[in-house]
Amino acid sequence: MSTLADYLAFAKAHPKLFVNPPEGGVTILLDEAEIREAEAQMTQWLESKGMPAEWARVGIAYQDQYALILRDAVRFPGGFLGTYIRFVGEEDDPPGVIVLPLYQGQVLLIRHFRHATRTWHVEIPRGFGKKGFSSEENARRELEEEIGATISRLVSLGPMYPDAAASTECDKLYYAEIESYGEVEVEEAIAELLPTPISEFERMIREHEITDGFTLAAYARAKAQGLL
């Protein structure tokens, strides 16, 4: 956990992450007196629940090479003060890419092991954006790496916030028509490629065999745009 001085220095260096819109909402507090009052109110609430008072401390709660977690002091719309956790990406990080690939009327799904849930998921390819490349270039690179695919047509399906309640992450959705594909990237814990007719893909969604939120979002956008 960082000091309050470290947190305030971070806020000064990254003002876009601390903007308070004029139309209201949850207001971030950067005045030290207000921060201390928010911490005090949250400490009282935590202690009443038998929880550690240190969970009220404002600052950089955690940071490593993959994640940065802030605990902000805030004023909620009702006027009461408290603290709020959020995951923050670097301002110059390119967006992640999620690609719905279609080959001769079949959606190219993958069976992918996800560490967070400790299970296998049926989903479409996705990955982090690489600095120095456009989102379109990253989408093409991701399909080439994960399933050895070449793209004949790439259509943007727009941006997506996977968890706007807790994270600043914004990704880009794409639909791709595929010329050819190859082998899956086993090093990324991808077990197999599943060419799936659209009707079967939709059945898997209806019957909850596909639960990956990125896949569901890409499908909804592609369907709404008349691409499926």
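Residues numbered from 1 in each chain as written. Predicted model: local features only at pLDDT ≥ 70, side-chain atom pairs only at ≥ 80, totals over all residues. Heavy atoms only, no water.

### Remarks on the overall build of the protein chain
Then, number 1: A tally of helices and strands in the protein chain yields five helices and 11 strands.
Then, number 2: For the C-alpha atoms alone, the extent of the protein chain along its principal axes is close to 60 × 40 × 35 Å.
Then, number 3: In the protein chain, which comprises 228 residues, the share counted as buried stands at 41%.
Then, number 4: For the protein chain, restricting intrachain contacts to residue pairs at least 6 apart in sequence, the fraction spanning at least 24 positions comes to 60%.
Then, number 5: Charge separation in the protein chain, taken as the distance between the mean sites of 22 positive and 37 negative side-chain charges, equals 3 Å. (Helix = DSSP H or I, 4+ residues; strand = E, 2+ residues; numbered from the N terminus. Buried < 20%, exposed > 50% of the residue type's maximum accessible area, 1.4 Å probe, protein only. Contact = heavy atoms within 4.5 Å. Lys, Arg positive; Asp, Glu negative; His and termini not counted. Charge placed at Lys NZ, Arg CZ, Asp CG, Glu CD.)

### Description of the environment of Phe 201
Then, number 1: Structurally, Phe 201 is set in helix 4 (residues 198-206).
Then, number 2: Residue classification places Phe 201 among the buried residues on the basis of a relative accessible area of 0%.
Then, number 3: As a C-alpha pair, Phe 201 and Arg 114 span 87 residues in sequence and 20 Å in three-dimensional space.

### What about the nonpolar core?
Then, number 1: Counting residues in hydrophobic clusters, the biggest one holds 23 residues, and the most contacted among them are Leu 100 and Leu 109.
Then, number 2: Those elements that place two or more of their residues in this core are strand 5 (97-103), strand 6 (106-114), strand 9 (150-160), strand 10 (171-180), helix 4 and helix 5 (213-224).
Then, number 3: In terms of residue count, the dominant contributor to this core is helix 5 (five residues).
Then, number 4: If near-sequence neighbours (up to four positions away) are discounted, Leu 109 is found in contact with Val 122, Glu 123, Ile 124, Glu 192, Leu 193, Leu 194, Thr 196, Phe 201, Met 204 and Ile 210. (Core = buried A, V, L, I, M, F, W, Y, C linked by side-chain atoms within 4.5 Å.)

### With respect to the pattern of salt bridges
Then, number 1: Enumeration over the complete set of coordinates arrives at 14 salt bridges.
Then, number 2: Between Glu 177 and Arg 153 there is a salt bridge, and its shortest N-O distance comes to 3.0 Å. Placement of the pair is Glu 177 in strand 10 and Arg 153 in strand 9, with a sequence separation of 24 residues.
Then, number 3: For Arg 153, a relative accessible area of 37% gives the class partly exposed.
Then, number 4: Here Lys 223 and Glu 202 are joined by a salt bridge, their closest N and O atoms 2.9 Å apart. (Salt bridge = Lys/Arg side-chain N within 4 Å of Asp/Glu carboxyl O.)

### Notes on a nonpolar patch on the surface
Then, number 1: Taken together, the side chains of Trp 45, Met 51 and Trp 55 make up a nonpolar region of the molecular surface, amounting to roughly 320 Å² of accessible area.
Then, number 2: Within the secondary structure layout, Trp 55 lies in the loop between helix 2 (32-48) and strand 2 (59-63). (Patch = residues over 30% accessible without salt bridge, like charges linked within 9 Å, V, L, I, M, F, W, Y side chains within 5 Å. Areas by Shrake-Rupley, 256 points an atom, 1.4 Å probe, with all protein chains shown as cover.)

### Remarks on the packing of aromatic side chains
Then, number 1: Going through the model one piece at a time under the given rule, you end up with seven aromatic pairs.
Then, number 2: Residues Phe 76 and Tyr 84 carry aromatic rings whose centres are separated by 5.8 Å and whose planes lie at 35° to one another, so their mutual orientation is tilted.
Then, number 3: Given a relative accessible area of 18%, Phe 76 falls into the buried group.
Then, number 4: Taken together, a centroid distance of 5.3 Å and an interplanar angle of 70° make the contact between Phe 113 and Trp 120 edge-to-face.
Then, number 5: Lying over the aromatic face of Phe 18, Arg 86 brings its terminal NZ or CZ to 5.0 Å of the ring centre. (Phe/Tyr/Trp six-rings, centres within 6.5 Å; stacked < 30°, edge-to-face > 60°. Lys NZ or Arg CZ within 6 Å of the ring centre and 35° of its normal.)

### What to know about the pairing of strand 5
Then, number 1: Extensive coverage of strand 5 is indicated by the burial of seven of its seven residues.
Then, number 2: Taking every second residue as pointing to the same face, both faces of strand 5 are buried, with Val 97, Val 99, Pro 101 and Tyr 103 on one and Ile 98, Leu 100 and Leu 102 on the other.
Then, number 3: The pairing of strand 5 with strand 8 (residues 126-127) spans two bridges and is classified as antiparallel. What sits directly across from Val 97, in strand 8, is Gly 127.
Then, number 4: Here strand 5 pairs with strand 10 via six bridges, running parallel. Bridge pairing in strand 10 links Leu 100 to Tyr 175.
Then, number 5: Here strand 5 runs beside strand 6; their pairing, made up of two bridges, is antiparallel. Looking across to strand 6, one finds that Leu 102 is bridged to Val 107. (Pairing = 2+ DSSP bridges.)

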